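Chain by chain, the residues:
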Amino acid sequence: LGPPHEELLEAGHITAVELKGGGMVGLEPGGQVELATLPLDRLAEVRAALERPLSMIERSAAASGFSLAPWGVAPENGEEDLPDVPKARYGVLRDHLRAAGTLGRRMMKLTASTQISLDFHDETELTAMARAALAALPYLLAFTANAPVYKGRRTGWATQRPRIWRGTDRRRCGLPAFLFAPRVTYAGAVRWALS
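Residues numbered from 1 in each chain as written. Predicted model: local features only at pLDDT ≥ 70, side-chain atom pairs only at ≥ 80, totals over all residues. Heavy atoms only, no water.

With that settled, consider the pattern of salt bridges. Applying the stated criterion to the full structure yields 7 salt bridges. Arg-47 is the partner of Glu-51 in a salt bridge, and the nearest nitrogen-oxygen pair spans 2.8 Å. Of the two residues, Glu-51 and Arg-47 are both situated in helix 1 (residues 43–63); the distance of 4 residues between them amounts to about one turn of the helix. Given a relative accessible area of 44%, Glu-51 falls into the partly exposed group. In this structure, Asp-84 engages Lys-109 in a salt bridge whose closest nitrogen and oxygen atoms are separated by 3.3 Å. (Salt bridge = Lys/Arg side-chain N within 4 Å of Asp/Glu carboxyl O. Helix = DSSP H or I, 4+ residues; strand = E, 2+ residues; numbered from the N terminus. Buried < 20%, exposed > 50% of the residue type's maximum accessible area, 1.4 Å probe, protein only.)

Phi at Ala-11 takes a positive value of approximately 55°, unusual for a residue other than glycine. Secondary-structure assignment places Ala-11 in the loop between strand 1 (6–10) and strand 2 (13–18).

Further remarks concern the side chain of Arg-161. Looking at the element boundaries, Arg-161 is found in helix 5 (residues 161–166). For Arg-161, which is buried and forms no salt bridge, the nearest opposite charge comes from Glu-28, at a distance of 9.5 Å. Among the polar contacts listed, one links the side chain of Arg-161 to the backbone oxygen of Ala-112, at a separation of 3.2 Å. Here Arg-161 is in contact with Gly-72, Val-73, Thr-111, Ala-112 and Ser-113, once residues within four sequence places are set aside. (Lys, Arg positive; Asp, Glu negative; His and termini not counted. Polar contact = N/O pair within 3.5 Å; in protein donor to acceptor, adjacent residues only side chain to side chain. Contact = heavy atoms within 4.5 Å.)

Take the pairing of strand 1 next. Of the pairings in the sheet, the one linking strand 1 to strand 2 comprises 5 bridges and is antiparallel in character. Counterpart to Glu-10 in the pairing with strand 2 is His-13. Linking strand 1 back to strand 2 in an antiparallel pair, the connection comprises 2 residues, with Ala-11 at a positive phi of about 55°. (Pairing = 2+ DSSP bridges.)

Let us look at the nonpolar core. With 12 residues, the main nonpolar core is built from Val-73, Ala-74, Val-85, Tyr-90, Leu-97, Leu-103, Met-107, Met-108, Leu-110, Ala-147, Tyr-150 and Ile-164. Where this core is concerned, the elements lending two or more residues are helix 2 (88–100) and helix 3 (104–110). Considering each element in turn, this core owes the most residues, 3 residues, to helix 3. Leaving out residues up to four positions away in the same chain, Leu-103 has contacts with Arg-163, Ile-164, Gly-167 and Thr-168. (Core = buried A, V, L, I, M, F, W, Y, C linked by side-chain atoms within 4.5 Å.)

In spatial order, the strands read 1-2-3-4; together these 4 strands make up an open sheet with antiparallel pairing. Looking at the sheet topology across the chains shown, the edges are occupied by strand 1 and strand 4 (33–36). Adjacent strand axes in the sheet meet at a mean angle of 30°, parallel and antiparallel pairs treated alike. With 3 bridges connecting them, strand 2 and strand 3 (residues 24–27) associate as antiparallel partners. Bridging across to strand 3, Ala-16 finds its partner in Gly-26. (Axes fitted to C-alpha atoms, helices over the stretch in contact; angles between N-to-C directions.)

Structurally, the position occupied by Leu-103 is in the loop between helix 2 and helix 3. Classification of Leu-103 by relative accessible area gives buried; the value is 10%. For the pair Leu-103 and Ile-164, spaced 61 residues apart in the sequence, the C-alpha separation amounts to 5.7 Å.

What follows concerns the environment of Gly-21. Its location among the elements puts Gly-21 in the loop between strand 2 and strand 3. Sequence separation between Gly-21 and Ala-49 is 28 residues, and the spatial gap between their C-alpha atoms is 9.6 Å.

Right, here's the structure in full:
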C-alpha cells in the first residue's frame, strides 16, 4: 500500500501494514487479506473506515496482476497448495491445530469471513446481545453460505465453514455453553476462557 502507511515486518517479510489514521491490513496464514478497523460507534463509520483501505488494497492487488475474491473457503486449492505466510505465531498455531483436530490447517489457510466485535455495558446487555446473536446465527449462516466447493469439486455442503470449524479444535471452537444460560455472566465467560 506504500506511504504514508507503516509496513510491519517479520523475518524480513511484510506481513501487515498499519494504516495512517488507525487500523491495519494484514495477511492471514494462507494469504487471506485481513482488514481491521479501530473501534467505532456507528455503522456509517464502519463503512467509511472500510471503503478507503479496501479501495487501496484492490488497486495494489491489480497493480500486482491479481484481484481480490470474496469467499468463505478457497474453492480451487487444498490447504497445502498455498504457501504459509511467514509469521512465527502461525507456526505455533499450525502445530497446535494439527494436534487438536483434523481440519485446522484448512481453517487456517482456506477460510475467510467477516467478523465483528461488540462492546456491552453490563451483564444484562451482554445477555440480550447473546440472545440476539444466537437467534440470528442460523439465518446468517444460510444467507452467507458461499463455500460449496473444495479442490475444484462440489462437496455436497452449501457451505463448509461450520464443518471445518467443528474439525478444528473442539476445546476452542463452537458455541460455549455459558451463552445458553438464563443469564450470561462475566464469571461464566471467564470460566469458559480459562478452561
